[in-house]
Amino acid sequence: MSGYWRGAEPRLRVERVVGLDQLLSSMPKECAIAVLAQVLYGASEEEIGKRLGVAPIRARVLISKGISRLRHPMWARVWQEYFDVDSQTLLIDDGLRALIRKWRLEEFAPVCSQCGDRYIPEGLKLGAHGGRPRRYCSNACRQRAYRMRNR
């Protein structure tokens, strides 16, 4: 009976509750920025390297290190809760939104070729890199550009 007392209730398992924003804050800042820029905005390694002031190959290393840290079994349960049922939609809570603002990640958002506004790419699939990236923030801007080209 070493360590076990008969009649005692089994202890409840206590899990550490950490948000994705806290996980990303614990990472090196450049790694976290590179991962978020690629996942949220679909930024290329060249663009990430340019904005962070490093070579594109170094940006690839930063992304790789960040993703490797996210894959660690200790952290995998934390970020899995942030994905929707289809595992393709990232849920952004207030803590993650504050982190995005603090690190000014909106700078990685693409710029519309017509109106010059920044937009969030819709339908960005995580892990998928196929297809041509959008050039316009909306169908209205795309149509306006088409009409201007044909004048």
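Cut-offs applied
- Residues numbered from 1 in each chain as written.
- Predicted model: local features only at pLDDT ≥ 70, side-chain atom pairs only at ≥ 80, totals over all residues.
- Heavy atoms only, no water.
- Buried < 20%, exposed > 50% of the residue type's maximum accessible area, 1.4 Å probe, protein only.
- Helix = DSSP H or I, 4+ residues; strand = E, 2+ residues; numbered from the N terminus.
- Arc of directions from axis to C-beta.
- Contact = heavy atoms within 4.5 Å.
- Core = buried A, V, L, I, M, F, W, Y, C linked by side-chain atoms within 4.5 Å.
- Disulfide = S-S within 2.5 Å.
- Axes fitted to C-alpha atoms, helices over the stretch in contact; angles between N-to-C directions.
- Parallel < 35°, antiparallel > 145°, perpendicular 65-115°, else oblique.
- Nonpolar A, V, L, I, M, F, W, Y, C, P; charged D, E, K, R; others polar.
- Salt bridge = Lys/Arg side-chain N within 4 Å of Asp/Glu carboxyl O.

(A) Spatial organisation of helix α6 (residues 94-102). Buried residues of α6: Leu96, Leu99 and Ile100, and no others. Projected onto a plane normal to the axis of α6, the buried residues spread over an arc of 100 degrees and lie on a single side. Seen from the open side of α6, the exposed residues pointing more than 90 degrees away from its buried face are Asp94, Arg101 and Lys102. Contact partners of the buried residues in α6: α1 (20-26) and α2 (29-41). Directly beyond the C-terminal end of α6, a positive phi value near 55 degrees is found at arginine 104.

(B) The nonpolar core, seen in detail. One finds Leu24, Tyr41, Ile48, Trp103, Leu105 and Phe108 to be the most contacted residues of the largest nonpolar core, which totals 27 residues. It is α2 that provides the largest number of residues to this core, a total of nine residues. One finds Tyr119, Tyr136, Cys141 and Ala145 within the second-largest nonpolar core, a separate group that totals five residues.

(C) Structural view of the state of the cysteines. Applying the stated criterion to the full structure yields zero disulfides. Not part of a disulfide, cysteine 115 finds its nearest cysteine sulfur in cysteine 112, a span of 3.6 Å.

(D) How the structure looks around the environment of aspartate 94. As for its placement among the helices and strands, aspartate 94 is situated in helix α6. Spatially, the C-alpha atoms of aspartate 94 and aspartate 21 are 9.0 Å apart, while their sequence positions differ by 73 residues.

(E) Here's a closer look at the packing of α2 against helix α4 (residues 56-71). Packing of α2 against α4 leaves a shortest axis separation of 8 Å and a crossing angle of 90 degrees. On the basis of their axis angle, the class for α2 and α4 is roughly perpendicular. When α2 is examined against α4, the residues Glu30, Cys31, Ala34, Val35 and Gln38 are found in contact with a partner set consisting of Arg58, Leu62, Ile63, Lys65, Gly66, Ile67 and Leu70. Considering only residue class, the contact of α2 with α4 consists of seven nonpolar, two polar and three charged.

(F) A look at unusual backbone geometry. Of note, arginine 104 is a non-glycine position whose phi angle comes to about 55 degrees, a positive value. Checked against the element boundaries, arginine 104 lands in the loop between α6 and α7 (139-149).

(G) Region of interest: the pattern of salt bridges. Throughout the structure, instances matching the rule amount to three salt bridges. The salt bridge involving arginine 60 is made with glutamate 45; its shortest N-O contact spans 3.1 Å. Taken together, the residues span a long stretch of sequence, with arginine 60 in helix α4 and glutamate 45 in helix α3 (residues 45-52) at a distance of 15 residues. For the salt bridge of arginine 51 with glutamate 47, the shortest nitrogen-to-oxygen distance reads 3.6 Å. Within this pair, arginine 51 and its partner glutamate 47 are both found in helix α3, separated by four residues, close to a single helical turn. According to the relative accessible area criterion, arginine 51 is partly exposed, its value standing at 37%. Residue classification places glutamate 47 among the partly exposed residues on the basis of a relative accessible area of 25%.

Taken by themselves, the reported measurements are silent on function.
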